[in-house]
Amino acid sequence: MDIQKMNDVDLEKYVTKIMLDMGVPAHLKGYHYLRSAIILSGKDMEVVSSVTKLLYPTVAKSYKTTSQKVERAIRNAIEVSWSRGNIDTFEELFGYSVACGKGRPTNSEYIARIADKVRLDIKEM
(Lines give C-alpha, C1' and ligand atoms only; values in the text may rest on other atoms or scores of the structure.)
Protein backbone atom coordinates (compact mmCIF):
# COMPACT_ATOMS: atom_id res chain seq x y z
CA MET A 1 0.00 0.00 0.00
CA ASP A 2 1.13 3.56 -0.64
CA ILE A 3 1.13 6.11 2.19
CA GLN A 4 -0.79 8.58 -0.02
CA LYS A 5 -3.65 6.09 -0.35
CA MET A 6 -3.88 5.31 3.36
CA ASN A 7 -6.82 6.68 5.32
CA ASP A 8 -5.71 9.78 7.29
CA VAL A 9 -7.23 8.49 10.54
CA ASP A 10 -5.47 5.13 10.23
CA LEU A 11 -2.18 6.86 9.44
CA GLU A 12 -2.57 9.14 12.45
CA LYS A 13 -3.33 6.13 14.69
CA TYR A 14 -0.28 4.29 13.41
CA VAL A 15 2.07 7.25 13.98
CA THR A 16 0.54 7.79 17.43
CA LYS A 17 1.27 4.18 18.38
CA ILE A 18 4.93 4.57 17.39
CA MET A 19 5.25 7.85 19.26
CA LEU A 20 3.73 6.44 22.44
CA ASP A 21 6.08 3.43 22.22
CA MET A 22 8.96 5.90 21.99
CA GLY A 23 7.78 7.65 25.15
CA VAL A 24 6.51 10.94 23.73
CA PRO A 25 4.01 12.21 26.34
CA ALA A 26 0.64 13.06 24.80
CA HIS A 27 0.10 16.09 27.06
CA LEU A 28 2.89 18.09 25.41
CA LYS A 29 2.17 20.51 22.56
CA GLY A 30 5.23 19.08 20.84
CA TYR A 31 3.49 15.69 20.68
CA HIS A 32 0.83 17.05 18.33
CA TYR A 33 3.33 19.08 16.30
CA LEU A 34 5.66 16.09 16.04
CA ARG A 35 2.87 13.79 14.87
CA SER A 36 1.88 16.28 12.16
CA ALA A 37 5.52 16.70 11.12
CA ILE A 38 6.00 12.92 10.85
CA ILE A 39 2.84 12.51 8.77
CA LEU A 40 3.79 15.39 6.46
CA SER A 41 7.30 13.98 6.08
CA GLY A 42 5.99 10.49 5.42
CA LYS A 43 3.86 11.80 2.59
CA ASP A 44 6.65 13.98 1.16
CA MET A 45 10.22 13.27 2.30
CA GLU A 46 11.39 16.50 0.62
CA VAL A 47 10.10 18.57 3.54
CA VAL A 48 12.65 16.92 5.87
CA SER A 49 15.50 18.43 3.87
CA SER A 50 14.15 21.88 4.68
CA VAL A 51 12.59 21.74 8.12
CA THR A 52 12.93 25.45 8.88
CA LYS A 53 11.66 26.65 5.50
CA LEU A 54 8.92 24.09 4.80
CA LEU A 55 8.08 21.70 7.63
CA TYR A 56 7.88 23.96 10.68
CA PRO A 57 5.96 26.74 8.87
CA THR A 58 3.44 24.19 7.52
CA VAL A 59 2.86 22.68 10.97
CA ALA A 60 2.75 26.14 12.57
CA LYS A 61 0.13 27.33 10.11
CA SER A 62 -2.16 24.38 10.83
CA TYR A 63 -1.92 25.03 14.59
CA LYS A 64 -2.02 28.84 14.31
CA THR A 65 1.35 29.37 15.96
CA THR A 66 4.91 30.30 14.94
CA SER A 67 7.68 28.16 13.44
CA GLN A 68 9.90 28.93 16.42
CA LYS A 69 7.32 27.62 18.88
CA VAL A 70 6.84 24.48 16.79
CA GLU A 71 10.60 23.83 16.67
CA ARG A 72 11.01 24.34 20.43
CA ALA A 73 8.00 22.21 21.34
CA ILE A 74 9.17 19.37 19.07
CA ARG A 75 12.69 19.59 20.54
CA ASN A 76 11.26 19.40 24.04
CA ALA A 77 9.06 16.39 23.15
CA ILE A 78 12.07 14.59 21.67
CA GLU A 79 14.20 15.34 24.74
CA VAL A 80 11.51 13.96 27.04
CA SER A 81 11.01 10.84 24.92
CA TRP A 82 14.78 10.28 24.72
CA SER A 83 15.05 10.25 28.51
CA ARG A 84 11.83 8.29 29.22
CA GLY A 85 11.30 6.14 26.14
CA ASN A 86 11.84 2.48 25.38
CA ILE A 87 15.59 1.96 24.89
CA ASP A 88 15.03 -1.09 22.67
CA THR A 89 12.86 0.96 20.33
CA PHE A 90 15.56 3.65 20.03
CA GLU A 91 18.24 1.05 19.34
CA GLU A 92 16.03 -0.52 16.67
CA LEU A 93 15.22 2.78 14.97
CA PHE A 94 18.40 4.80 15.40
CA GLY A 95 21.05 2.14 15.92
CA TYR A 96 22.11 3.65 19.22
CA SER A 97 20.57 4.53 22.54
CA VAL A 98 20.89 6.73 25.58
CA ALA A 99 23.42 4.24 27.01
CA CYS A 100 25.86 4.90 24.14
CA GLY A 101 26.20 8.50 25.23
CA LYS A 102 25.79 9.82 21.68
CA GLY A 103 23.01 12.14 22.77
CA ARG A 104 19.59 12.49 21.30
CA PRO A 105 19.04 12.81 17.56
CA THR A 106 18.27 16.21 16.08
CA ASN A 107 14.66 17.12 15.32
CA SER A 108 15.13 16.45 11.61
CA GLU A 109 16.91 13.10 12.22
CA TYR A 110 14.15 12.00 14.57
CA ILE A 111 11.33 13.07 12.23
CA ALA A 112 13.02 11.63 9.13
CA ARG A 113 13.73 8.26 10.73
CA ILE A 114 10.21 7.77 12.07
CA ALA A 115 8.65 9.00 8.81
CA ASP A 116 10.83 6.53 6.89
CA LYS A 117 9.79 3.70 9.21
CA VAL A 118 6.12 4.58 8.72
CA ARG A 119 6.52 4.65 4.91
CA LEU A 120 8.31 1.29 4.86
CA ASP A 121 5.83 -0.34 7.25
CA ILE A 122 2.88 0.85 5.16
CA LYS A 123 4.45 -0.49 1.96
CA GLU A 124 4.60 -3.93 3.62
CA MET A 125 0.87 -3.86 4.48
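Procedures and definitions
- Residues numbered from 1 in each chain as written.
- Predicted model: local features only at pLDDT ≥ 70, side-chain atom pairs only at ≥ 80, totals over all residues.
- Heavy atoms only, no water.
- Helix = DSSP H or I, 4+ residues; strand = E, 2+ residues; numbered from the N terminus.
- Buried < 20%, exposed > 50% of the residue type's maximum accessible area, 1.4 Å probe, protein only.
- Contact = heavy atoms within 4.5 Å.
- Bend = angle between axes of the 7 residues up to and from the residue.
- Phe/Tyr/Trp six-rings, centres within 6.5 Å; stacked < 30°, edge-to-face > 60°.
- Patch = residues over 30% accessible without salt bridge, like charges linked within 9 Å, V, L, I, M, F, W, Y side chains within 5 Å.
- Areas by Shrake-Rupley, 256 points an atom, 1.4 Å probe, with all protein chains shown as cover.
- Salt bridge = Lys/Arg side-chain N within 4 Å of Asp/Glu carboxyl O.
- Lys, Arg positive; Asp, Glu negative; His and termini not counted.
- Charge placed at Lys NZ, Arg CZ, Asp CG, Glu CD.

## Re the environment of G23
For G23, the location among the structural elements is in the loop between α1 (8-21) and α2 (29-43). Note on G23: relative accessible area 18%, which makes it buried. Each C-alpha atom, one on G23 and one on S83, is 8.4 Å from the other, the two residues being 60 residues apart in sequence. Leave out the neighbours within four places in its chain, and G23 touches S81 and G85.

## Here's the deal with helix α3 (residues 51-63)
The sharpest bend along α3 comes to roughly 25°, located at P57. Within the span of α3, buried status applies to V51, L55, Y56, V59 and A60. Positioned one or two residues after α3, K64 has a phi angle of 55°, which is positive.

## Regarding the packing of aromatic side chains
What the rule picks out here adds up to 5 aromatic pairs. Ring centres 4.4 Å apart and planes at 65° place the aromatic pair W82 and F90 in the edge-to-face group. Overall, the relative accessible area of 7% leaves W82 in the buried class. Judged by relative accessible area, which is 1%, F90 ranks as buried. Summarising the aromatic geometry, the rings of F94 and Y110 are spaced 5.7 Å apart at their centres and angled 25° between planes, so their arrangement reads as stacked. Pair noted here: F94 is in helix α5 (residues 87-94) and Y110 is in helix α6 (residues 107-124), with a separation of 16 residues, a long-range link. For Y110, a relative accessible area of 0% puts it in the buried group. Site record: aromatic cluster; members linked through ring pairs are W82, F90, F94 and Y110.

## Details of a negative patch on the surface
Side chains of D21, D88, E91 and E92 sit close together on the surface and give a patch of like negative charge. Looking at which element gives the most residues to the negative patch, the answer is α5, with 3 residues. Note that D21 resides in helix α1. For D21, a relative accessible area of 38% gives the class partly exposed.

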